[in-house]
Amino acid sequence: GAEIKKAVRTLQRNNCKPFADGYYHAIVHPDTVFDLTADLMWIDIAKYQDKSKVEKYELGTMYGVKFYVSTNAKKFEDEEYLAYGIESLTISGLDKETRKATLATTLTEDEARAMTGKLVNVSGGDTITPMCIERIDVTAKTITFRYVPDAAVGATTVTPAGGGAEGVEVFGTIIYGQNAYGSIELGGNGKNVKIIIHAPGHGEDPLEQRGTIAWKVKGFTTVILQDAYMVRLEHAATA
């Protein structure tokens, strides 16, 4: 509860507005729900919300934050590889302002995608700093991190961070407010999925023996608009 209170205070200091319902929102993993609802400050959904207004996956509130449960919430497990058997990456020239470093290790597009969003240990000398990979450009051979602490500037090696001490699973709970992110359906008007049905006899089918059903997606993307409007709490959960 104390960390949630700190997160709310951080958002408020950053002038982040709550959503129209008056709350900041948070996404939690199902494995953390029992710890969350056991807190004395927890307000169950049945105590403040009309049943007809309950949103999908809505759980309850605490300190002005409305919580939703999702298996898509980040969970960091003990890992041996960054991706596809790759144990480490070699980097140089890590810059605090651009958050970029030169990547000495050659990667494929698939390997780069698998590493995007991963929590890793970035080390140099005796300093090991947990950081998050934001993107990897395999053509330019650069790696960009979400945030670069001063202690990480001289780092030369990237290795898996995995879970916490002794391999304990670590959960990432996101607490955010208005304008933290934006999304767009590239197909326009929200109808970016199209179902295509052709009855037998369509096209080169003179004997009318083959019909087809297919679908295609015109595209969807999201982007972080303001890092200061979201906080990620990293924590363990009761077994």
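Everything below is about the structure printed above this text.
Just so we're clear, the structure is a prediction, and the values are computed from it rather than from any experiment. Along each chain, residues carry numbers from 1 onward, in the same order as the chain's sequence is written. Local features in a predicted model are, by the rule used here, given only for residues with pLDDT of at least 70; side-chain atom pairs are given and counted only at 80 or more, and totals for whole chains, interfaces and linings are based on all residues. The basis for every side-chain value is the complete set of heavy atoms in the structure, and neither hydrogens nor water enter the calculation.

Q: I'm lost on the overall build of the protein chain in this one. Help?
A: Going along the chain from the N terminus, every DSSP run of H or I of four or more residues is numbered as a helix, and every run of E of two or more is numbered as a strand. When helices and strands are tallied, the protein chain shows three helices and 17 strands. A compact globule built from 239 residues would reach a C-alpha radius of gyration of about 18 Å, whereas the protein chain, at 22 Å, exceeds it by more than 25%. Counting only C-alpha atoms, the protein chain reaches 75 × 55 × 35 Å along its principal axes. Note on exposure labels: buried denotes an accessible area under 20% of the residue type's maximum, exposed denotes more than 50%, and partly exposed covers the range between, all computed with a 1.4 Å probe on protein chains only. Among the 239 residues that make up the protein chain, the fraction classed as buried is 33%. Every radius of gyration here is taken over C-alpha atoms, with the globule rule written as 2.2 Å times N^0.38, N being the number of residues.

Q: I'm lost on the layout of surface pockets in this one. Help?
A: Over the atoms rolls a probe the size of a water molecule, and its path tells where empty space is left. By volume, the largest pocket is sized at about 1300 Å³. Throughout, the protein atoms alone are placed on a 1 Å grid, and a set of points is a cavity if a 1.4 Å probe fits but cannot get out or a pocket if it is open with protein on both sides within 12 Å along at least five of seven lines; lining residues have an atom within 4 Å of a point. Surrounding the largest pocket, 30 residues form its lining, Arg146, Ile174, Ile224, Met230 and Arg232 being those nearest its centre. Of all the secondary structure elements, the ones that give two or more residues to the lining of the largest pocket are strand 9 (127-137), strand 12 (170-176), strand 16 (220-224) and strand 17 (230-235). We call Asp, Glu, Lys and Arg charged. Ala, Val, Leu, Ile, Met, Phe, Trp, Tyr, Cys and Pro are nonpolar, and the rest, Gly among them, are polar. Its residues assigned to classes, the lining of the largest pocket shows 17 nonpolar, seven polar and six charged. Grid points are joined across faces, edges and corners, and a volume is the space filled by probe spheres set on the points. Considering only enclosed or pocket space, the second largest pocket measures out at about 290 Å³ in volume. In terms of lining, the second largest pocket is formed by 16 residues, of which the most central are Gly1, Ile4, Leu36, Leu233 and His235. Where the lining of the second largest pocket is concerned, the elements lending two or more residues are helix 1 (2-13), helix 2 (33-37) and strand 17.

Q: It is not clear to me how the environment of tyrosine 63 should be interpreted in this structure. Could you clarify?
A: Position of tyrosine 63 among the secondary structure elements: in the loop between strand 3 (58-62) and strand 4 (65-69). The partly exposed category is assigned to tyrosine 63, whose relative accessible area is 30%. For the pair tyrosine 63 and proline 18, spaced 45 residues apart in sequence, the C-alpha to C-alpha distance is 12 Å. Any pair of residues with heavy atoms lying within 4.5 Å of one another is described as a contacting pair. Apart from the residues within four sequence positions on either side, tyrosine 63 is in contact with Gly1, Ile4, Lys5, Val8 and Met41.

Q: Mind showing me how you'd approach the environment of glycine 93 here?
A: Summarising the element assignment, glycine 93 is placed in the loop between strand 6 (89-92) and strand 7 (100-103). Expressed as a C-alpha distance, the spacing of glycine 93 and alanine 112, which sit 19 residues apart in the sequence, is 19 Å. Residues contacting glycine 93, with those up to four places away along its chain left out, are Lys100 and Ala101.

Q: Which parts of the structure should I look at to understand helix 1?
A: When the terminal C-alpha atoms of helix 1 are compared, their 17 Å separation across twelve residues agrees well with the 16 Å that a helix rising 1.5 Å per residue should span. Elements in contact with the buried residues of helix 1: strand 1 (24-28), helix 2, strand 3, strand 4, strand 12 and strand 17. Once helix 1 finishes, asparagine 15 follows within two positions and takes phi at roughly 60 degrees, a positive value. Any helix carries an expected span of 1.5 Å times its number of residues minus one.

Q: For this particular structure, what's the right way to read the packing of aromatic side chains?
A: The description of an aromatic ring pair uses the distance of the two centres, along with the angle that the planes make with each other. Stacked, tilted and edge-to-face are the three classes assigned to paired rings of Phe, Tyr and Trp, where Trp is represented by its six-membered ring and a pair needs centres within 6.5 Å; plane angles under 30 degrees give stacked, over 60 edge-to-face, the rest tilted. Per the counting criterion, the structure on display carries three aromatic pairs. Ring geometry for phenylalanine 19 versus tyrosine 176: centroids 5.7 Å apart, planes at 85 degrees, classification edge-to-face. Here phenylalanine 19 is found in the loop between helix 1 and strand 1, whereas its partner tyrosine 176 is found in strand 12, with 157 residues between them in sequence. A ring pair is formed by tryptophan 42 and phenylalanine 67, whose centres lie 5.7 Å apart and whose planes are at 50 degrees; its orientation type is tilted.

Q: Would you mind showing me how to read a nonpolar patch on the surface here?
A: Residues Val193, Ile195, Ile197, Ile213, Trp215 and Val217 make up a contiguous nonpolar surface patch of about 700 Å² in total accessible area. If you list the elements that add at least two residues to the nonpolar patch, you get strand 14 (193-198) and strand 15 (212-217). Tracing the backbone through its elements, the reader meets valine 193 in strand 14. Given the relative accessible area of 49%, valine 193 is considered partly exposed. Only residues whose relative accessible area exceeds 30% and that form no salt bridge enter a patch; like-charged residues are grouped when within 9 Å of one another, and nonpolar side chains (Val, Leu, Ile, Met, Phe, Trp, Tyr) when within 5 Å. Every accessible area reported is derived by Shrake-Rupley at a probe size of 1.4 Å, with residue values counting cover from the shown protein chains alone. One speaks of a salt bridge when a side-chain nitrogen belonging to Lys or Arg is within 4 Å of a carboxyl oxygen belonging to Asp or Glu.

Read these as geometric descriptors, not functional statements.
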